[in-house]
Amino acid sequence: MKRTATARILLLTVVWCTSWINVPAQQPRPAEPNETLIRNATLLTITHGTLENSDILIRRGKIAAIGKGLKAAADARVIDAGGKFVMPGIIDCHSHSMLDAINEGSLSVTSMVRTRDVLNPNDVDLYRALAGGVTSLNLLHGSANAIGGLNTVVKIKYGHPIDEFIFPGAMPGIKFALGENPKRSNSTVLPGVTRRYPGTRMGVEEVIRDAFTRARDYKKTWDEYRAAVARRDKNLIPPRRDLQLEPLVEVLEGKRYVHAHCYRADEILMLINIADEFGFKVKTFQHVLEGYKVAKEIARHGAGASIFADNWAYKIEAYDAIPYNAAIMTRAGVVVSMNSDSDERARRLNIEAAKAMRYGDLTEEQALKLVTINPAIQLGIQDRVGSLEVGKDADLAIWNGHPLSVYSRVDTTFIDGEIFFDRQQDLAQRADLLKERAQLEQAEPNRPPARGVSPQAPRGRRPSHADDDLWEGDIYQP
Amino acid sequence: MPASTFLATQAGRQDACAPKQLLILIVLLLVCLAPASAQQIGNPPSEGGVTPPRGTYAIRNARIVTVSGPDIENGTIVIRDGKIEALGTNVSIPSGAQSIDGRGLSVYPGMIDAGTSLGLVEVDQGAAGTVDTSEVGELNPNAKAIIAVNPHSAHLAVTRVDGVTSAVTLPSGGLISGQAAVINLVGTTPLEMAVVPYAALVINYPRVGNRGGGFGGEQQQPVNLTEALAASTRQVEQIRKMLKDAEAYGRAQDAYAKDKTLPRPDQSVMLEALVPYVRGERLVIFRADRENEMRGAIRFAEELKLKPVILGGDDAWKIASLLKEKNVPVILTGILDLPTREDDFYDTLYENASKLQQTGVRFCISSGDGGPNVRNLPYYAGMAAAFGLPKSDALKAVTLYPAQIMNVGDRMGSIEVGKMANLVVTNGDLLETRSAVRYLFIDGREVKLNSRHTDLNDAFKNRK
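Below: a short report on this structure.

Quick notes on the rules
- Residues numbered from 1 in each chain as written.
- Chains lettered and ligands numbered in written order.
- Predicted model: local features only at pLDDT ≥ 70, side-chain atom pairs only at ≥ 80, totals over all residues.
- Helix = DSSP H or I, 4+ residues; strand = E, 2+ residues; numbered from the N terminus.
- Buried ≥ 20, exposed ≤ 12 C-beta atoms within 10 Å, placed from the backbone.
- Contact = placed C-beta atoms within 7 Å.
- Core = buried A, V, L, I, M, F, W, Y, C linked by C-beta atoms within 7 Å.
- Domains from an automatic or database assignment.
- Pairing = 2+ DSSP bridges.
- Axes fitted to C-alpha atoms, helices over the stretch in contact; angles between N-to-C directions.
- Parallel < 35°, antiparallel > 145°, perpendicular 65-115°, else oblique.
- Nonpolar A, V, L, I, M, F, W, Y, C, P; charged D, E, K, R; others polar.

Scanning chain B from terminus to terminus reveals 15 helices and 16 strands. Burial analysis of chain B (464 residues in total) assigns 53% to the buried set. Within chain B, contacts between residues separated by at least 24 positions form 69% of all contacts whose residues are at least 6 apart in sequence.

Here we come to the nonpolar core. Counting 259 residues, the largest nonpolar core has V86 of chain A together with I285, I310, A381 and A384 of chain B as its most contacted members. In terms of residue count, the dominant contributor to this core is helix α12 (residues 377-386) of chain B (8 residues). Mapping this core onto the domain boundaries places at least three of its residues in each of domain 2 (47-110 + 413-464) and domain 3 (111-412) of chain B. When near neighbours in sequence (up to four residues on either side) are disregarded, I310 of chain B contacts F286, A288, M294, A297, A316, V328, V330 and I331 of chain B.

This next bit is on unusual backbone geometry. If a residue is not glycine, its phi is most likely negative; likewise, a peptide bond is most likely trans. Following Y197 of chain A, the chain continues to P198 of chain A via a peptide bond in cis, the omega torsion being 5°. Examined against the element boundaries, P198 of chain A turns out to sit in the loop between β11 (188-189) and α4 (201-230). For D361 of chain A, which is not a glycine, the phi torsion comes out positive at approximately 55°. Mapping D361 of chain A onto the fold places it in the loop between α9 (349-358) and α10 (364-369). Owing to 14 C-beta atoms within 10 Å, D361 of chain A belongs among the partly exposed residues under this scheme. The phi dihedral of D81 of chain B falls on the positive side, at around 50°, and the residue is not glycine. With respect to the helices and strands, the residue D81 of chain B is situated in the loop between β2 (72-80) and β3 (83-88). Since 11 C-beta atoms lie within 10 Å of it, D81 of chain B is described here as exposed.

The next point concerns the sheet that holds strand β6 (residues 90-95) of chain A. Residues and elements named next belong to chain A. As summarised here, the arrangement of the 3 strands in space is β6-β7-β9, forming an open sheet in which the pairing is mixed. Each of the sheet's edge strands pairs with one partner strand only, and the pair in question is β6 and β9 (152-155). Taken over all neighbouring pairs, the strand axes of this sheet differ in orientation by 20° on average, direction set aside. Sheet topology note: the β6/strand β7 (residues 134-139) ladder contains 4 bridges and is parallel. Bridged to I90 within β7 is V134.

To continue, consider the environment of V123 of chain B. Residue and element names in this part refer to chain B. Its location among the elements puts V123 in the loop between β6 (111-116) and α4 (145-148). Owing to 26 C-beta atoms within 10 Å, V123 belongs among the buried residues under this scheme. Placed 72 residues apart in sequence, V123 and V195 show a C-alpha to C-alpha distance of 25 Å.

What follows concerns the pairing of β3 of chain B. Residue and element names in this part refer to chain B. One ladder, built from 5 bridges, connects β2 with β3; its direction is antiparallel. Each bridged residue has a counterpart across the sheet, and for R80 the counterpart in β3 is K83. Hairpin connection from β2 to β3: 2 residues lie between these consecutive antiparallel strands, with D81 at a positive phi of about 50°.

What follows deals with the environment of D92 of chain A. Residues and elements named next belong to chain A. Examined against the element boundaries, D92 turns out to sit in strand β6. Assessed through the 30 C-beta atoms surrounding it within 10 Å, D92 is described here as buried. Sequence separation between D92 and R430 is 338 residues, and the spatial gap between their C-alpha atoms is 28 Å. Leave out the neighbours within four places in its chain, and D92 touches V134, L137, N138, N339, S340, A346 and L349.

All names here are of chain B. With their axes 8 Å apart at the nearest point, helix α7 (residues 225-258) and helix α8 (residues 269-278) run at an angle of 90° to one another. Judged by the angle between their axes, α7 and α8 are roughly perpendicular. Of α8, the residues touching α7 (which contributes M242, L243, D245, A246, E247, Y249 and G250) are L271, L274, V275 and V278. Within the contact of α7 with α8, the residues separate by chemical class into 8 nonpolar, 1 polar and 2 charged.

And the structure:
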């Protein structure tokens, strides 16, 4: 007990000390009630249609009941949401938010590195995503190499300790990348530096083939060893562990999802063929801008597609991208999601989803699925989130209008029944925060010097697209 | 011959009888721009790239959102000779007019994006041959966007079929980037597209520490303030000197025109280009986002008696009263950018437009995009409306306001008799994502609703 109390004081001190940097959400929160009742809302359940004038009861982090005239405990938090809409928290299946590093791009196969090791829970863009109704992120390694690092699926529990961000039970995954980025087509190679292999789409295929050939051998070696152990053979020496190949063995065994960055139709088919050859499945093609050209092949393989709504022409391999991609692939039977790949775009994925209605006439329900249950399926968390159903996690948002309308915004975002964004609370804090900011600016250590070198500024925001898959114009240093 | 035209030629239909030199050039281009030539650049062949003819049209029984006045329910619009000829509920339809049944549909003025590089860049990365936004050097007042606008860029059709019918296209490099044009997004030649070919001079107002304009969010490095301040002062001085030189140049040329006995002053293409701007006859667009840059630009414009417009304006809400007092309009390009500072409120930029509107500052909303995403302009306005801007102002911010700021408000931006017939017919609210465009008129020409994207969709959607 004592240790917990000390830890709490320590945490509060840290929160207090850092509050001037990460302003809005780092304020101490009031204790969460056991129950929350949201009344009279339009519920966009996703899997069970739209329920008008209905209530949703949250108990201890789960959706306990959905219906009309629900009753809550006396001490419950009751929110009258008349005229408002409740939808499941948006799930962003391609994010690099809160990552202090994106690309371990020095090798073409970096399956040994983990995004889990570089999570920054104080990234203010997390709060901004919450304010757009987003509750979960698939944090992917970058696309600099054919086989990249391991992903992390998180709930955006901004202000909580980092361990509480990790989505319990989400399927482990790994990033692959095809096309211009692993080729490093758009990177500047410094004079005197040898280019990293591969430099063509031919080479990308060979890198993946080589890695899985080695992984298959490695798996055999371990299988043989385990069989020998089972036979109680004597004097056995265990094989040497290979941290690069272990995740690929998990892919071969179906225990780890492949999320493959790709653009062109030919490279999509290439990966399908190699996956078929080695006997694994690609869980999602990411971006997959030309997916519409090979929709039936993607569907036949059983892969999902996680895409931009309408980005195109930012590089050559994006020149044939069309905003009808979601509609064509959905009709071919592919599970499609809309992702952000950008801290900016993450804040308005509702509008990205709505674009699938404009381009290709998906229904409202199909459009909503693109940012809820479909990404949940793609991450293996569909039993926990992605729809409003009794027993699921209470990860949801209250919108002041229909979330597919440009005129709507989020009022409140819940994760596990706890409020992580509330517009009224945010507005209420502002006067105090501005006062505090003014005081801090007046404090001697914070005054800008009249001349000389300015003090090192706090860690700046990452460029909004310098390290995501859209923009790869970095200097390549091995 | 611009490279993009070459590319369109070689990708579309190669001329078997091309002279040998041309062939060599094409081969060279193929080698240099191998990635670019791998896929077709430009409008699909079915679009043709030929300006459609003007006609006489009557859109009947539609809801007409005039923007400048009240909506007209069950109204009729007559379009003839490129203009809106008649408008109202009791309008006689000229014989021979093509009639369009507007029941259930709404007619809006075409949207205008005042902060793009449309036509100046096809593919930003990996195809340098298609990028014509930034000239070499710091001072390029004589670089004119209208010269390099590619009328056959695929971006134009992709953008217009979503209801954006006009744009300001701007060069972006150096300190003085060049001259922006107001264009309609249809035409076989740049001239056919031009509404105002030389509409504004574009100046990147220097930022202390790094160059203004362009993409924000750079990693903050320790800055030597003394050096950085001196550098930006030097840059401002560079711009000032050139503009003063242009003033003097204009006076000398005028004097010589009146009195040929005077020594003949040398001609200068650079200074000549600046004369109308330093005389306050045309607009000067200052790219500036931060408070200090905007204050600097306003002071600078006042000193040199320029007609300033701010482009960017992320911090405009902070100096709204100054903008109002000086009557400096702002083209907001950052509505959907992440807030500038880590401790900005999450909706700081969403709210920017609303705060300007409440103060009475002249403003409009732009995507600030080079080309591919200009079609998303309505959602920038929609977000501003979600955060306090009245819906009617959100609509004006992408139609009438940009027209007024660019001094073409008497010709475009609203539905009024005598205005250019740039009209979008939709099945719902123009700014809503789920609405669809049904008919499109630019300059009184009915424009087909196909683009590179609809063509690829048609080609692949039924692939079995």
